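Residue-level listing of the chains:
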Amino acid sequence: MREHSREHPEDPRTPGNGDEAGAAPPVVWTGRATNRIQWVLAAAGAACLALGIELAVDNSWTSGLAPLAMAVVGCVAAGLLMLYGTIAFVHVAVRVDQDNLEVRCGHIGVPRTRIPLTQVIGADFAPRVTPRQWGGWGYRWRPEKGTAVVVRRGEGFVLRLGDGRTLTVTVDDAETAVRVIRDRLHLGTTPPRTT
């Protein structure tokens, strides 16, 4: 699913309308990426939660109170973790304005990462980012690779920060995001590709 919006309060020209050479970059660029497969995991989390509630309400457990309490707590905890983990990372929203890049995850926008563009030294297009590279979906950190927000496999961008850290984000139309970021940083408009 692709969803993009570009706001142009000062310049109504947008790339792709026939005025490529003189087109100004968007004042604000927004992009999203969605992973509908994670709703299956959310349903499994809801089922675990429902099972925990059912065990707590149905008093026919004959093995004693301690095993019942452990089963209820285990099911409820697993259900809540699965629900939060999947709903929080079903989609990601990226916003690039004149001063900052903001990444918001899930329906409530948490976790949220805001990076001033003054801390960014480069942006690269990554044509293929996979959960396998990062050890799964979600907000990830690997010492040798940096931080990533991975909600699905596919295109994304990699920010290189002045302190040596990197941030990888999967988002639709990542090439445009890189172009906008590079323009803000005055690095040219051809986004290099990373693997």
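Note that the structure is a prediction, hence the values are computed from the model and not measured.

## Examining the overall build of the protein
- Tallying secondary structure elements over the protein gives four helices and ten strands in all.
- Listed N to C, the secondary structure of the protein is β-β-α-α-β-β-β-β-α-β-β-β-β-α in terms of helices and strands.
- For the protein, the residues scored as buried account for 44% of the 195 residues in total.
- Taking all contacts inside the protein whose residues are at least 6 apart in sequence as the whole, residues at least 24 apart take part in 55%.
- Accessible surface for the protein amounts to roughly 10600 Å². Of this, 58% is attributable to carbon and sulfur atoms.

## Some details on the pairing of strand 9 (residues 154–161)
- Most of strand 9 sits inside the fold, with seven of its eight residues counted as buried.
- Judged from the seven bridges that link them, strand 6 (residues 120–129) and strand 9 form a sheet pairing that is antiparallel. Residue pairing in the sheet places Val120 in a bridge with Leu161 of strand 9.
- Both strand 9 and strand 10 (residues 166–170) contribute to a ladder of five bridges, which runs antiparallel. Across the sheet, the residue bridging to Gly156 is Thr170, located in strand 10.
- Following strand 9, the chain reverses through four residues before pairing antiparallel with strand 10; Gly164 in that reversal takes a positive phi of roughly 95 degrees.

## Observations concerning helix 1 (residues 38–57)
- Between its first and last C-alpha, helix 1 extends 29 Å over 20 residues, near the 28 Å set by a 1.5 Å rise per residue.
- When helix 1 is considered as a whole, its buried residues turn out to be Gln38, Ala42, Gly45, Leu49, Gly52 and Leu55. The arc enclosing the buried residues of helix 1, seen along the axis, measures out at 145 degrees, which places them on a common side. Among the exposed residues of helix 1, those pointing more than 90 degrees away from its buried face are Val40 and Val57.
- Considering only its buried residues, helix 1 is in contact with helix 2 (65–87).

## Here's the deal with the nonpolar core
- Ranked by size, the top nonpolar core spans 29 residues in total, and within it Val94, Leu101, Phe157 and Leu159 carry the most contacts.
- Counting residues per element, the ones that place at least two in this core are strand 2 (28–34), strand 3 (91–96), strand 4 (100–105), strand 6, strand 9, strand 10 and helix 4 (174–184).
- The leading source of residues in this core is helix 4, at five residues.
- Filtering out sequence-adjacent residues up to four positions away, Leu159 remains in contact with Leu101, Ile115, Val120, Gly122, Ala123, Arg165, Thr166, Leu167 and Ile181.

## A word on the pattern of salt bridges
- The final tally for this structure, using the stated rule, is seven salt bridges.
- Among the ionic pairs, Arg95 bridges to Asp97, the shortest N-O distance being 3.1 Å.
- Owing to a relative accessible area of 15%, Asp97 belongs among the buried residues under this scheme.
- A salt bridge links Arg112 to Glu102, with the nearest nitrogen and oxygen atoms 4.0 Å apart. Taken together, the residues Arg112 in strand 5 (residues 112–116) and Glu102 in strand 4 connect sequence positions ten residues apart.
- One network of salt bridges, with partners in common, ties together Glu102, Arg112 and Arg114.

## Some points on unusual backbone geometry
- Of note, Asp173 is a non-glycine position whose phi angle comes to about 60 degrees, a positive value.
- Take Asp173: it is sitting in the loop between strand 10 and helix 4.

## Focus on the packing of helix 1 against helix 2
- Orientation of helix 1 relative to helix 2, taken along the N-to-C sense of each, is 155 degrees, at an axis distance of 7 Å. The orientation of helix 1 with respect to helix 2, classified from their angle, is roughly antiparallel. The two elements helix 1 and helix 2 meet at a crossing, and its hand is left-handed.
- Class assignment of the residues belonging to the contact of helix 1 with helix 2 gives a composition of 20 nonpolar, five polar and no charged.

What counts and how
- Residues numbered from 1 in each chain as written.
- Predicted model: local features only at pLDDT ≥ 70, side-chain atom pairs only at ≥ 80, totals over all residues.
- Heavy atoms only, no water.
- Helix = DSSP H or I, 4+ residues; strand = E, 2+ residues; numbered from the N terminus.
- Buried < 20%, exposed > 50% of the residue type's maximum accessible area, 1.4 Å probe, protein only.
- Contact = heavy atoms within 4.5 Å.
- Areas by Shrake-Rupley, 256 points an atom, 1.4 Å probe, with all protein chains shown as cover.
- Pairing = 2+ DSSP bridges.
- Expected span 1.5 Å × (residues − 1).
- Arc of directions from axis to C-beta.
- Core = buried A, V, L, I, M, F, W, Y, C linked by side-chain atoms within 4.5 Å.
- Salt bridge = Lys/Arg side-chain N within 4 Å of Asp/Glu carboxyl O.
- Axes fitted to C-alpha atoms, helices over the stretch in contact; angles between N-to-C directions.
- Parallel < 35°, antiparallel > 145°, perpendicular 65-115°, else oblique.
- Left-handed = near helix turned anticlockwise from the far one by under 90°.
- Nonpolar A, V, L, I, M, F, W, Y, C, P; charged D, E, K, R; others polar.

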